[in-house]
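What the coordinates show
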Amino acid sequence: MKGEVAVIGAGQTVFTRNCGVSVRELCFEAYKEAAEGLNISPKDVDALIIASAPEYDKQRTPAALISEYLGLTPKPAFYIETVCSSGTTGVKMAYSLIKSGLHDIIVMIGFQKMSELTSREAAEVMGRGDDTMFSSPFGTTMPAGHALYARAHMAKYGTTAEQLAKVRVKNAYYGSLNSKATYRKVLSLEDIMNSDVICSPLKKFDCCANADGASCVILASADKARKLTDKPIWVLGVGSATAELNWSARGSSTSFLATKEAAKTAYEMAGLGPEDIDVAEVHDCFTISEILAYEDLGFAKPGEGPKLIEDKETYHDGKIPVNVDGGLLSKGHPIGATGGSQVRTIVRQLRGEMGESQVKDAKVGLVHNVGGTGTYPNVIIFGR
Amino acid sequence: MDFGNFGTVSFTKQAKVMPFIDYLSQGKVMTTQCKHCGRKFFPPRQDCPYCLSSDVEWFEIKSKGKLLTYTTVNYGPSGFEDVSPYTLGIVEFSEGVRVLARISKKIAPKDIKVGMELKVVPVKLSDEKLSYDFET
């Protein structure tokens, strides 16, 4: 396969509850893993894109500071955000800038150091993620938004709490194999079913957790990519969409329509369909999110997502392996860093570097990264 | 009276759609419809993006609607410590709008079912702030 823009390097830090280092140091660790082996120096990089969710940053306008620490000044740097999908929005921007011919090599770094906020500050931020005039005054939260979709899916299709829990069982298993994951304990169905209810029907183990971390994706034009690496991973399709911030203004409570839209764009651009995907990373901020992703990305028909996990078809040796690195549920969710981490996993899968969770002969991979409650989905398809 | 008087925690005071608050204080939950294209909006808005018109009229949401989905929130954000747990729901009304609000604590959680009929009712919160709940 070939394309016009390729990922030439991808890296991430360990995701952890409290990293104990500064944001610039965290970003450097991710950049180092991505750039190692590429034989590039700062002068070869044309631009830097920084992705994070600013409400969790203490540092105002961090792009220049990170550029300074990486030695990339005076090359242009800028900051971009779509909350939890900021990282893949950064990848999309890098793709566009390279495809346009403006730049040849771009470094994209996503980060979040959520431990800089006290739990009181984090609870305050959590209350402002929905329409602050007409939703937040009622006490909406991110788990509540996804719980509304879970309840509607259960009512319409008979989806059960056990089926949701089975997503976590899978992701906890693969998280136990991932040295970069925050949570490395295997969980049983009982562990999950017996955990505290956060927002019914979602329990503690149906939810991902805040974390600190950074990830880095380095992209290049076709010419530069071939010079710098033997294993370029081509960007074949890119799709994005936006849903209404008010859940009540949306057309469905059982599907994220914006994800369907983003997927359609990405599949059309790549000339591929869901049946062509060998391995996928989807945005499992909650167990229900992974089930909805199966359906919205076309891996399962509407209402049949739960059957995929029941039949273990999303394990690494199944029909369509999903989140076989542990997903957000095990890795933790350092908001701006998540998209780059998903890209890194797909790059490693397509290069055959995943060891025990390697999907046999993976040629085409998909990343699905979503900001908010189904609000800002990005779908990117990669091929080797 | 402005949007600062609306909801358990409010973030905005002023808006063009201030009649929403005035109507709520009079015991009515009202929203807007574009006078040109007839589109109905919730949340209420003063501006129609399809006609670029700001000519809207207000109508009351008074039917019994259908509960599309709900969740009981055990851990709320800042400012909701005293009201947790509470149940959020989305109701679809025959007036052609969907509304998000809390389901009244008068309804026992075990009696809440997707598909049940609910109406939207203005309520005064403990600190005299205005809001609305879903009730049977």
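I will try to describe carefully the structure that is included in this document. (Residues numbered from 1 in each chain as written. Chains lettered and ligands numbered in written order. Predicted model: local features only at pLDDT ≥ 70, side-chain atom pairs only at ≥ 80, totals over all residues. Heavy atoms only, no water.)

Here's the deal with the overall build of chain A
Definition in use: A run of DSSP states H or I qualifies as a helix once it reaches four residues; a run of E qualifies as a strand once it reaches two. Both are numbered from the N-terminal end. Radius of gyration: over C-alpha atoms. The globule rule applied is 2.2 Å multiplied by the number of residues raised to the 0.38 power. A simple rule labels every residue: compare its accessible area, found with a 1.4 Å probe on the protein chains alone, to the largest value its type can have, and call it buried under 20%, exposed over 50%, or partly exposed in between. In this description, contact between two residues means that some pair of their heavy atoms is separated by no more than 4.5 Å. Residue burial considers only the protein chains on display, and all accessible areas are found by Shrake-Rupley using a 1.4 Å probe.
Scanning chain A for helices and strands turns up 13 helices and 11 strands. Computed over C-alpha atoms, the radius of gyration of chain A comes to 19 Å, within 12% of the 21 Å expected from 2.2 N^0.38 for 384 residues, which places it in the range of a compact globule. Going through the 384 residues of chain A one by one, you find that 64% of them count as buried. For chain A, long-range pairs separated by at least 24 residues make up 77% of all intrachain contacts whose partners lie at least 6 apart in sequence. Surface exposure of chain A reaches about 13700 Å², of which carbon and sulfur atoms provide 49%.

Notes on the sheet that holds strand 2 (residues 40-41) of chain B
All names here are of chain B. For clarity, the threshold we go by: Should DSSP find at least two bridges between two strands, the strands are taken to pair.
The three strands are arranged 2-1-3 in an open sheet whose pairing can be described as antiparallel. One side of each edge strand has no neighbouring strand; the edge strands of this open sheet are strand 2 and strand 3 (56-60). Both strand 1 (residues 30-34) and strand 2 contribute to a ladder of two bridges, which runs antiparallel. For Thr32, the partnering residue across the bridge sits in strand 2 and is Phe41.

Notes on helix 4 (residues 119-126) of chain A
Rules: Our arc is simply the arc of the directions from the helix axis toward the C-beta atoms.
Buried within helix 4 of chain A are the following residues: Ala122, Ala123 and Val125 of chain A. Down the axis of helix 4 of chain A, the sector holding all buried residues measures 160°, keeping them to one side.

Description of the packing of aromatic side chains
Residues and elements named next belong to chain B. Which entries qualify depends on this criterion: Between the rings of Phe, Tyr and Trp (Trp by its six-membered ring), a pair exists once the centres lie within 6.5 Å; its type follows the angle of the planes, with under 30 degrees stacked, over 60 edge-to-face, and the other angles tilted.
The final tally for this structure, using the stated rule, is 18 aromatic pairs over all chains. Centroid distance Phe3 to Phe6: 6.2 Å. Interplanar angle 90°. Geometry classified as edge-to-face. On the basis of relative accessibility, which here comes to 2%, the residue Phe3 falls in the buried class. Between the aromatic rings of Tyr23 and Trp58, the centroid separation amounts to 5.7 Å while the plane-to-plane angle is 50°, which identifies the pairing as tilted.

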